[in-house]
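Fold and contact review
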Amino acid sequence: MNNPIFLVAAREFRQIAATRGFWITLLIIPFALAIAPVTAHFMQKDHTAHVMLIDPSGQAAPAIAARIALDHQRQVLQSLSRYSESHDLDRADPHALWARHDQYYTDAEVQAFIASGGLTHADAAMRRVAAPNTQPFGEPDPDYKIVPTPTRLATSDPAALARILPAMVSHARKEPNAEPLDYAVYIPADLASGRAPVQIWSDGPIAGDLMDVLQSTLTRALRLRFLQAQGVRPEMADAAQQIAPMVVVNRPAAGKGREQVMIRSILPLLVSYLLFMSLMLSGSWMLQGTVEERSNRLIEAVLACVSPNQFMYGKLIGTIAVGLTMVAVWVLAAIAAAFATQGMIADILRPALEPLSQPSVALAMIYYFLAGYLMISMIFLTIGAMSDSFRDAQAYLSPVMLLIAMPFAIIAQMVIRDPSSLGVRIMSWIPIYTPFTMLARLGAGVPLWEVIGSGLTLAAFVAIEVVLLGRVFRASLLGSGPKPSLAHIARLMRGRESD
Amino acid sequence: MTALLLDQVTKDFGDKRAVDDLSFAVGDGEVFGFLGGNGAGKTTSLRMVLDIIRPTSGRIQILGRRPGRENSADLGFLPEERGLYRTMTALETITYFGRLKGMTRNDARAEGKTLLDRFGLGGSANTKIEKLSKGMAQKVQLATAVVNAPRLLILDEPFSGLDPVNQGLLEEEIMRLSRQGSTIVFSTHVMQHAERLCDRLLLLADGRKKFEGTQDEARATLPTRLRLTARETPVGLPGVVSVAKLQETDGWTDWDVRLEPGGDPGDLLQTCTERGFALRRFEQGRPSLHDVFIHIVGGEEGRA
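As a starting point, this report considers the structure included with it. (Residues numbered from 1 in each chain as written. Chains lettered and ligands numbered in written order. Predicted model: local features only at pLDDT ≥ 70, side-chain atom pairs only at ≥ 80, totals over all residues. Heavy atoms only, no water.)

1. A closer look at the overall build of chain A
Looking only at helices and strands, one finds 20 helices and four strands in chain A. Relative to all contacts within chain A whose residues are 6 or more apart in sequence, the contacts with residues 24 or more apart total 71%. Carbon together with sulfur atoms contributes 63% to the accessible area of chain A, which is approximately 25300 Å² in total. (Helix = DSSP H or I, 4+ residues; strand = E, 2+ residues; numbered from the N terminus. Contact = heavy atoms within 4.5 Å. Areas by Shrake-Rupley, 256 points an atom, 1.4 Å probe, with all protein chains shown as cover.)

If you want it as structure tokens, here you go:
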């Protein structure tokens, strides 16, 4: 194909694709997606903390161990509920606790779950209705494991413990073959007196939920004792401890609504950020190329073969092709990561990519993406045509970058809070922010009239921009001398000083 | 047939008139010199021919057509300010420009290889421009201009910045293309090159045409100069405009004699013989193009 526009575009593409920066940028997201599951795997491995309870009274430790065991079973029940929902297995036992979703399970419910056979029974029920290739349920690792307390410690006083325990919980000072130990907790026998504190030894910060377990269990024991001391009957005092509000988590129904919640938080900003990132990178590469063409004085030879307009369109198409290639590779990598892997990354990416399967949303996204690319690339191109060096270009570039980048941060925050807020809707109608804002909003649903209206406004703006900046571009290509002032640029836009 | 025609072409940049009512024609197969000092309007005129800029008024015809990119398949252009894409190889560069001029990829590559071989750069075909010496890059640039065997080759100050070896190479290439029937138009302010290459030439000053014609016609605009050694003064002989005494030896005097423009030295020699005017030396000086240039343009350039 010998169309000069495509020849210029192909050369522009090849020049940018030959740079190391392009390949690093292109591969950074696939690389990040590839190592994310591995990193997550390593981070998740062995996250069970080992806890030693030193309880001279022998009353508190069993209660704490029971609480930790119950909390773990609650976690198992919640995981089973999510597993059943995502694999559509509720029919295995519609009355089972795990077939009720989005609910906080009370202690009584967790105990009922255990009493009814727990995980083993639930898993067997689900296997009966699950398709043969359904991924098996993976029991979550417990957060805490109680390790046995050596006799010599069980009978030591707090002063002796303070000498021995720091070395046992210290990762640095621990003996090579020693049992793992993250926390050692001493519960004084006379806790109720208020004179002796509970002491915890740890090599780092104390996990918040361990603190909750200790506090709630010990507080409960103290209150029970207090109520009984006040003459309340033991069974009444115990019943008072069981009083808890029933909490139901309200989320949209599983399916479309659920996905929208995810989309609102992930896809819009992801796509908008992709546009922004790839634009800034490919735009600056093109700008460098144009500055090189000017400073190397090869424009005149090119202009003898192609018209300034063909040259301009060729460069724009080449740059857009670079940007689209980057985004296509990133999206393909995300799709591969979403469907070829399991775990957190896939759980986030799958619903995030969902809107791309709706042709109208995908089309609108492509439109805003291309229009945004054209709009910003044109600015970069014109700056390149007016500059003899990258330093010259910086003088024009800095205010332009500020104009685009600063509101982008604000848009991101506004969209996180509410994708259909008034501020976001106003930004949607300001052409230089339309692509970013609309891309950020599309996943969450935008009224059709707004999509069409802001799309047409953007198209008109880009058309006028290409005409006006095109005049500056053509007039500046062979220009020399000092950088044109703003007044001069305005005259060039009006076509007063062409040629 | 006329390869290039400019008819009353004027170009204004704001208040400044860069080219003023310029008309000339270049015949098919001619080597045409476009001579003028810096700022005379040469580059502007050539850019209008190539449609890089448009004239304010007047008409341009190139190979019988209006200026435009549709002519690029038949055109070659070497700009005064030269540069290449640093990260492209020599062969890629030539191929790229060949394709911009409508050649197929295969033809452009094949012709590029032939040119690089002829210019002694066959071994550097796949070397990036940034790794080539300046002289080598100049040869690649020349190759980009002639890769399509252009019917009309336009060279803007082609010899500026070239080392003597590449100047010779360029002259050979111009002569080779001329022999193959190409029309060559080149601008220069170095008269020696014009003297060696041009069939006809045009002198430009302040955007206006000062002369158009052959080298002999250009020289004829200067007074004919003679060196005479005689016993008597040549003052008063027919056609003599001015006489300057140079030196005297043994009764014979050397004279610098100027005839009126177009004056024939043969007529003067005949008169001397008929009148018995004693001569020991009668030597006709041939004015250089440099002299012609200074004579026609020099004053205006000086005033500019």
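After that view of the structure, there is still more to cover.
2. Examining the sheet that holds strand β9 (residues 208-214) of chain B
Residues and elements named next belong to chain B. One open sheet accounts for six strands, arranged β5-β6-β7-β3-β8-β9; its pairing is mixed. Looking at which strands have only one partner, the edges of the open sheet turn out to be β5 (75-78) and β9. Each adjacent strand pair in this sheet contributes to an overall mean axis angle of 15°, direction not counted. With five bridges connecting them, strand β6 (residues 152-156) and strand β7 (residues 183-188) associate as parallel partners. Considered in β7, the bridge of I154 is made with V185. In this fold helix α5 (residues 164-179) packs onto β3 (31-36), β6 and β7, with an angle of close to 150° to the strand it touches most, β7. (Pairing = 2+ DSSP bridges. Axes fitted to C-alpha atoms, helices over the stretch in contact; angles between N-to-C directions.)

3. Concerning the packing of aromatic side chains
Tallied over the entire structure, the rule returns 12 aromatic pairs over all chains. Ring centres 5.4 Å apart and planes at 70° place the aromatic pair Y367 of chain A and Y368 of chain A in the edge-to-face group. The exposure class assigned to Y368 of chain A is buried, which follows from its relative accessible area of 1%. Here the aromatic rings of Y96 of chain B and F97 of chain B are separated by 5.7 Å at their centres, their planes lie at 75°, and the arrangement is edge-to-face. Y96 of chain B gets classed as buried once you look at its relative accessible area, which sits at 5%. Taking the relative accessible area as the measure of exposure, F97 of chain B reaches 3% and is therefore buried. (Phe/Tyr/Trp six-rings, centres within 6.5 Å; stacked < 30°, edge-to-face > 60°. Buried < 20%, exposed > 50% of the residue type's maximum accessible area, 1.4 Å probe, protein only.)

4. Thoughts on the pattern of salt bridges
Tallied over the full model, the rule gives 35 salt bridges over all chains. Ionic pairing is found between R176 of chain B and E173 of chain B, a salt bridge with its closest N-O pair at 2.6 Å. You can see R176 of chain B and its partner E173 of chain B sitting in helix α5, three residues apart, about one turn around the helix. Each of R11, E12, E293 and K315 of chain A takes part in salt bridges that share partners, so that together they form one network. (Salt bridge = Lys/Arg side-chain N within 4 Å of Asp/Glu carboxyl O.)

5. As for the interface of chain B and chain A
Counting residues at the interface gives 29 residues for chain B and 25 residues for chain A. Each partner contributes to the roughly 2500 Å² buried at the junction of chain B and chain A, and carbon and sulfur atoms together form 56% of this total. Of the charged contacts, one joins R47 of chain B and E300 of chain A as a salt bridge, the two residues approaching to 2.8 Å between their closest N and O atoms. Looking at which element gives the most residues to the side of chain B that touches chain A, the answer is helix α2 (residues 90-100) of chain B, with four residues. (Buried area = accessible area lost by both parts, 1.4 Å probe.)

6. Points about empty space enclosed by the protein
Any empty space left between atoms is shown by rolling a water-sized probe over those atoms. Residue and element names in this part refer to chain B. Enumeration according to the criterion identifies three cavities of 30 Å³ or more in this entry. Its volume calculated, the largest cavity comes out at about 70 Å³. Lining the largest cavity are L78, R82, Q138, K139, Q141, L142, L162, N166, L169 and L170. Those elements that place two or more of their residues in the lining of the largest cavity are α4 (134-146) and α5. Per element, the largest residue contribution to the lining of the largest cavity is four residues, and it comes from α4. Of the residues belonging to the lining of the largest cavity, the class tally is five nonpolar, three polar and two charged. (1 Å grid on protein atoms, 1.4 Å probe; cavity = no way out; pocket = protein on both sides within 12 Å on 5 of 7 lines; lining within 4 Å. Points joined across faces, edges and corners; volume = space filled by probe spheres on them. Nonpolar A, V, L, I, M, F, W, Y, C, P; charged D, E, K, R; others polar.)

7. Some remarks on the pairing of β3 of chain B
All names here are of chain B. The element β3 is extensively covered by neighbouring structure, given that six of its six residues are classed as buried. Here β3 shows a buried face lined by V31, G33 and L35 and a second buried face lined by F32, F34 and G36. Taken together, the five bridges between β3 and β7 define a ladder with parallel strand orientation. Bridging from a neighbouring strand, G33 pairs with F186 of β7. Pairing analysis gives five bridges linking β3 to strand β8 (residues 200-205), with the strands arranged parallel. In the sheet register, F34 faces β8, and the bridge partner there is L202.

8. Considerations on the nonpolar core
One finds F311 of chain A together with F24 and L100 of chain B to be the most contacted residues of the largest nonpolar core, which totals 109 residues. Once residues lying within four places of it in the same chain are set aside, the contact partners of F24 of chain B are L4, L5, L6, F32, F34, L202 and E212 of chain B. Formed by 48 residues, the second largest nonpolar core is a distinct cluster that contains A125, V147, M191 and L222 of chain B. (Core = buried A, V, L, I, M, F, W, Y, C linked by side-chain atoms within 4.5 Å.)

9. A few points about the environment of A108 of chain B
Residue and element names in this part refer to chain B. Mapped onto the fold, A108 is located in helix α3 (residues 105-118). Counting along the chain gives 40 residues from A108 to N148, while the straight-line C-alpha distance between them is 7.6 Å. Each residue touching A108, except ones within four places of it in the same chain, is listed here: T95, G98, R99, M103 and V147.

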